[in-house]
Amino acid sequence: MKNIEFRTATSAQGGLVVMGGVPGVAAGSRVQLRDHAGRIRSGLVIRAADDAVLVEVFEGTDELDLERTWVRFLDEPFKLPVSRDIMGRIFNGSGLPRDGRPPIVSADRRDVNGEPLNPAARAYPREFIQTGISAIDGMNSLTRGQKLPIFSGGGLPHNRVAAQIVRQAKLLGEEAAEFVVVFAAFGASHADARFFQESFEESGVLNKVVMFLNLADEPVIERLLTPRAALTAAEYLAFDLDYHVLVVMTDMTAYAEALREVAVLRGDVPARKGYPGYLYSDLAEIYERAGRIKNRRGSITMIPVLSMPSDDITHPIPDLTGYITEGQIVLGRELANQGVYPPVTVLPSLSRLMKDGVGKNFTREDHPHVASQLFASYAKALEVRGLAAIIGAEELSDADRRTLEFADAFERRFIGQGEDEDRSIHETLNLAWDLLSMLPAESLIRVSEDELAKYHKGAEA
Amino acid sequence: MGAILEINGPLVKLELPQTVIGEQVRVGRMGLVGEVIGRDGDTALAQLYEDTAGLRPGEEAEGLGWPLSVELGPGLLGAIFDGVQRPLQAVREQSGDRIARGVAVPSLPRDKAWHFVPDPTRQAGGMLTGGDVLGSVQETESILHRILTPPLIQGELLELAPEGDYTLDEAIGRVKLADGRIEKLHLFHRWPVRTPRPFKQRDHAVAPLITGQRILDTFYPLLKGGKAAIPGPFGAGKTMLQQQIARWCNAEIVIYVGCGERGNELTDVLEFMPELKDPHTGRPLMERTLLVANTSNMPVVAREASIYVGITLAEYFRDQGYDVVMVADSTSRWAEALREVAGRLGQMPVEEGYPAYLGSRLAAFYERAGRVETFAGDHGSVTLIGAVSPPGGDFSEPVTSHTKEIIQTFWALSKELADARHYPAVDWLESFSGYVKSAAKWWAETVDPNWESARAEALDLLAASEELQRIVNLVGVEALSSEQRWTLEAAGLIKEGLLQQSATDDVDSFASPEKQYALLAALLDIYRHGMRLVKLGAPARRLIQLPLLAQARRWKSQHGSDDLAALKAKIAAIPDSFEPLIQEYTVPLSTLREATP
Ligand SMILES: Nc1ncnc2c1ncn2[C@@H]1O[C@H](COP(=O)(O)OP(=O)(O)OP(=O)(O)O)[C@@H](O)[C@H]1O
Ligand SMILES: [Mg+2]
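Note that the structure is predicted; figures quoted are calculated from it, not measured. (Residues numbered from 1 in each chain as written. Chains lettered and ligands numbered in written order. Predicted model: local features only at pLDDT ≥ 70, side-chain atom pairs only at ≥ 80, totals over all residues. Heavy atoms only, no water.)

### With respect to a nonpolar patch on the surface
Residue and element names in this part refer to chain B. Side chains of Ile-471, Leu-474 and Val-475 sit close together on the surface and give an oily, nonpolar patch of about 270 Å² of accessible area. Within the secondary structure, Ile-471 sits in helix 11 (residues 451-475). Given the relative accessible area of 34%, Ile-471 is considered partly exposed. (Patch = residues over 30% accessible without salt bridge, like charges linked within 9 Å, V, L, I, M, F, W, Y side chains within 5 Å. Areas by Shrake-Rupley, 256 points an atom, 1.4 Å probe, with all protein chains shown as cover. Salt bridge = Lys/Arg side-chain N within 4 Å of Asp/Glu carboxyl O. Helix = DSSP H or I, 4+ residues; strand = E, 2+ residues; numbered from the N terminus. Buried < 20%, exposed > 50% of the residue type's maximum accessible area, 1.4 Å probe, protein only.)

In structure tokens:
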């Protein structure tokens, strides 16, 4: 079947081609189309019956002349050739080289869809990764094998934050970053792609990075493949070659929009805001590929970046992502406007795996309590700040005024830090105590009395 | 033998005459399994439990002759199954770390022999009815697995095996049915998951399910045999709360169904359950737990099946006379799986893409909870606790709103509380329980006669403080009277000293009913003492400075449920803290006498 070209397309519209009379085509099989100009396009069988086969074409169906379109069914799913040579290479969204170098030749070619990991085979992520960013390490810490997205918005420095994490991420006790990086961009601008490339270059990790780029002016449907190709590479690096892999993907919103576009063409019933009901499962297929496996050394830690349409966290894309990932780092416009970098809005941010990766045996015994206390004190402080805006700061009690000062200092000194500032977890925790010491000891009930005695610098303690 | 006509996502159209809706089918060279969901003449529509990529029109398909069923017998406890009861540990041994397709492994191990002890009252020649106990197997140290006669069987027991070791494939008895046929009995039997298992009659639920979580047990109780929902936006704590319940509740069997959620969460349960001890029996928790896992990256049709598999397993243990709790995380993912299939079938969506039968399916599912009298004459119960994941945290969406009408206990999680790291983030104003009256009886008899009034007083205090907070947010705290300020302070004390209960706090993760009540009563006592002083003219400012308030907030983490004597000593000393102020603000009797003419 692989070698036969069929010229039986009966309709083509918006990326979908219907082929008549090709019996025995496998669902999900890859397809190659040759158009009248000799250009090769690739596609996927999304519906198979003997009398009609529906093909999704990644490069779109523009200018397809049905009479002069030849189609080959390759009889296998989309596969990515993998070998050690992928390191340092740049591919397009479907895994072909875009760095002018020869294609990867390997007998080891893997279905980009992967297979679901058996929950009984997973190992629970517990090892603390120090990112050097206080708002993350101190309050929303990342563990090896976690999927922790950055929720952002147009114009916010999510790329800079992601790049800083890549530069600084390390396990405690290790000198340098020992991660390899898989970077996937879909619908990203050329400028964004260049930014990451340069940042990897500067930090000297370029030869440990594999890139998959589908840029803003490139075919939309290919975006559905890009994260899958990237994760196939990541799985190979992590579980065959024992690397700890950090996967950065941007921008999940562009991915979801591409999925919606295709769903509309297929006529799928929309659920919310025109997104298909299976957006959740589809995103989960991607995000759940992060993790660790028992008896394997490598791991996949995932940092997807997504921009929240109109900064709305309840929009289906961030919402469904939040329902799948193990927390989220939320960047906020308000802090950014005040010049705070990284503008991490800590209250809606969360790391679900933090509870199992910090504390006595991992970072420092006071860490979980300090984090909890910072959250509580800052939440309280924001209430006071809201009150001050109504009744005026003069009307506040002394205690409330101290609380306000705490909030300001917390934002400037704890959340805010330099783009090249790499704080150790001890520095972060000590800084936290400096700030908590601005508050009376008896108001700090999330930390223990022993911890207060040891770390609180106030007279009352 | 039939054939595949068309493949469309998880749905395949088959040429398969004489099948019936619900029948299991095996399809294609890979041998993928699914079930028939529609028929039209000689063609049938089937949904497959596995990914359909690679299937081709023309490949074979066959009907298997039975509906989706589960195997019920020894070997269930401690296991982890997928959404159609494939044992994931065994699947891993066969197919490696990733779940390959078409793997056929029996749900229960066939090579293992179990020590069967026949029930002495069962004699050959006696009559046997479905649900009767044939004997038992001590499956784990804490759980005696009662071997039941399969439901619907009725006849004369011809033979029952003597005490000894038997594998599941060996017959342990024979029964002669009314029509003369002879049926073999085994340590296990099968039951179709979409059919509720029969029982003698429904019973009233009487005892509260103790979860050790104060906001649940003390404020919004659930009964053994009741139905509860935990709705909440992402990250609000649904899974943590369900895991807490799975850990600490006083049920005898816990079925944990991960339906369309994270793989790591199941790994977490698999890792901690064997290490933790059941607070009620002292045995490892895994001995009473079983897991059903269809994670979000596993095929969507099996997700739809998974909660039926879970509830059938729950009913089976109920029929042995056990109190069973099933937690389902998340019912929204189940509803979405339903929606996805309905969409592909071209069924008319009514709200947000969901089919019209969403409400009735949900109701029928929750209806399988309850306390019953079993055929064997015991009492057993299934308590059902479903998480709901509303898009955007909007409780007016279809799954949440339908569920809310079905269940009796509603533990509403709030994003605001979770953001402030007030855990469990159960909103004390939005939540409700229809079981308070029944629970009150138990608390009055078992813990303290004043439970109901104390609970009401605390809730009133919380509601009042909500009002006051609104005023404060408009005009500042100075606008409040001393009485109001003290009310606000006391409500804060209740929130931090009682409602907040961290799952990660070793001392406070579980609170016994006695500890729960002791704390509640103590904090109310502080409130009343303060109020008395305020009425005597003491300014709230003075009271708020009392060190007692900060101390009382720590009591919950300082004294575990096994250390109540020390807690009670502190409670007994509450009046002492107020004594100086009382001295100050009470007009001495003598001056009073002089002033009266
Ligand atoms: N009772 C609790 N005690 C301590 N921490 C908690 C508690 N409940 C929730 N948390 C914290 O909140 C995080 C999120 O909770 P959880 O994973 O249960 O949310 P969820 O509602 O199930 O979210 P999702 O819908 O995305 O699955 C946890 O990882 C934990 O850090
Ligand atoms: Mg959850």
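### Section: the site of ligand 1
Surveying the vicinity of ligand 1 reveals 19 residues, the closest of which are Gly-235, Lys-238, Thr-239, Met-240 and Arg-262 of chain B. One chain alone does not account for the residues near ligand 1; they come from chains A and B. In the model, an oxygen atom of ligand 1 is placed 2.7 Å from a nitrogen or oxygen of the Thr-239 of chain B side chain. Here an oxygen atom of ligand 1 and a backbone polar atom of Met-240 of chain B are 2.7 Å apart. Relative to its unbound accessible surface of 630 Å², ligand 1 loses 95% to contact with the protein. Among the secondary structure elements, those contributing two or more residues to the shell around ligand 1 are helix 7 (316-324) of chain A together with helix 3 (238-248) of chain B. Looking at the shell around ligand 1 element by element, the count peaks at three residues for helix 3 of chain B. Here the residues of the shell around ligand 1 sort into eight nonpolar, six polar and five charged. (Near = heavy atom within 4 Å. Polar contact = N/O pair within 3.5 Å; in protein donor to acceptor, adjacent residues only side chain to side chain. Nonpolar A, V, L, I, M, F, W, Y, C, P; charged D, E, K, R; others polar.)

### Some points on the side chain of Arg-339 of chain B
As for its position among the elements, Arg-339 of chain B is in helix 6 (residues 331-344). Despite its burial, Arg-339 of chain B pairs with no opposite charge; the closest candidate is Glu-336 of chain B, at 4.5 Å N-O. (Lys, Arg positive; Asp, Glu negative; His and termini not counted.)

### Thoughts on helix 10 (residues 367-391) of chain A
Here helix 10 of chain A spans 36 Å end to end across 25 residues, near enough to the 36 Å set by a 1.5 Å rise per residue. Immediately beyond the C-terminal end of helix 10 of chain A, within one or two residues, lies Gly-392 of chain A, with a positive phi of roughly 90°. (Expected span 1.5 Å × (residues − 1).)

### Quick notes on unusual backbone geometry
When glycine is set aside, most residues are seen to have a negative phi, and most peptide bonds are trans. The peptide bond linking Tyr-341 of chain A to Pro-342 of chain A adopts the cis configuration, its omega dihedral lying at -10°. Its location among the elements puts Pro-342 of chain A in the loop between helix 8 (333-337) and strand 24 (350-351). At Glu-63 of chain A, a residue that is not glycine, the phi angle is positive and equals roughly 60°. One can find Glu-63 of chain A in the loop between strand 6 (52-57) and strand 7 (70-73). The backbone of Gln-85 of chain B shows a phi angle near 65°, a positive value even though the residue is not glycine. Looking at the secondary structure, you find Gln-85 of chain B in the loop between strand 8 (80-81) and helix 1 (88-95). Residue class for Gln-85 of chain B comes out buried when judged on its relative accessible area of 0%.

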